[in-house]
Amino acid sequence: MSKVVVITSGKGGVGKTTTSAAIASGLALRGHKTAVIDFDVGLRNLDLIMGCERRVVYDFVNVIQGDARLSQALIKDKQCENLYILPASQTRDKDALTEEGVEEVIDQLRQMDFEFIVCDSPAGIEHGAVMALTFADEAIITTNPEVSSVRDSDRIIGILQSKSRRAQKGDEPVKEHLLITRYSPRRVAEGEMLSYQDVQELLRIPLIGVIPESEAVLQASNQGMPAIHLKGSDVAEAYADVVARFLEEGSNEEVLAKRPLRFVDYEKPGLIKRIFGGK
């Protein structure tokens, strides 16, 4: 059975699209047929990060409005056999996304035997974001370790718990996961940034992973390549860990015990390293 996974946050610039691309790619690399949908109508960044912007002919809104079939709009990923991208429109208004239209597209993807449908949500609580989370089975709330980002994420959790289709019907709640991005253990140690324990304490939802701050993310985006493909990098390994935990059965404690967090501890450099320019 298909599972709808929304990648969301309350604040822009936290790495939602980077995360959507990496997680969708990671699921596909593990053999799961996956579709990733860009809900950010008017901006459209997912196809850039996926490296398929020149192949966009039809988009999400074209499918909803009946101008194209879903099979015409889906773009097969260049690097993952099981991955397909449904881009957003750059020229339409966000109100072009209707609840009925989004539901029909998701139902069609289910009929096409997609195991995972990853929804890349816009930031905040505007129309596109609400449409992205409406049909979610699971949600990955993405936040930076700073107070404003955490506060805005708490607002999104409230909306998810009240406006999702599961909440409206009184069904089992959307399964929530916390993902912390742009994490710097050094800055945490120096008191410049919240620790991942602080963030989890504030939001009180299960932690699925911590992505280290890295210039490699920008480099990957500029190359049109999801960060999970950056072999040997901390970021790629951290996203691979997130995908593995997402697929693992069991409680959050059991999952983290099997695959502990990495890249979260700061080792203070010794005297020699400090003298020769180490940080």
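See above for the structure.
Okay, the pattern of salt bridges next. A complete count under the given rule lists 16 salt bridges for this structure. With a closest N to O distance of 3.5 Å, Lys76 and Glu81 form a salt bridge. The class of Lys76 is partly exposed, set by a relative accessible area of 31%. One salt bridge connects Glu192 with Arg187, and the closest N-O pair in it is separated by 3.4 Å. You can call Glu192 partly exposed: its relative accessible area is 48%. Under the relative-accessibility criterion, Arg187 is labelled partly exposed at 27%. One network of salt bridges, in which partners are shared, links Glu237, Asp241, Arg245, Arg259 and Arg262.

Further remarks concern unusual backbone geometry. In most cases, non-glycine residues show a negative phi, while peptide bonds are predominantly trans. Positive phi values are uncommon outside glycine, yet Asp113 reaches one of about 65°. Counting through the fold element by element, Asp113 comes out in the loop between α5 (99–111) and β5 (116–120). For Asp113, a relative accessible area of 58% corresponds to the exposed category. At Arg182, a position not held by glycine, the phi torsion is positive, near 55°. Its place among the elements puts Arg182 in strand β7 (residues 175–183).

How each quantity is defined
- Residues numbered from 1 in each chain as written.
- Predicted model: local features only at pLDDT ≥ 70, side-chain atom pairs only at ≥ 80, totals over all residues.
- Heavy atoms only, no water.
- Salt bridge = Lys/Arg side-chain N within 4 Å of Asp/Glu carboxyl O.
- Buried < 20%, exposed > 50% of the residue type's maximum accessible area, 1.4 Å probe, protein only.
- Helix = DSSP H or I, 4+ residues; strand = E, 2+ residues; numbered from the N terminus.

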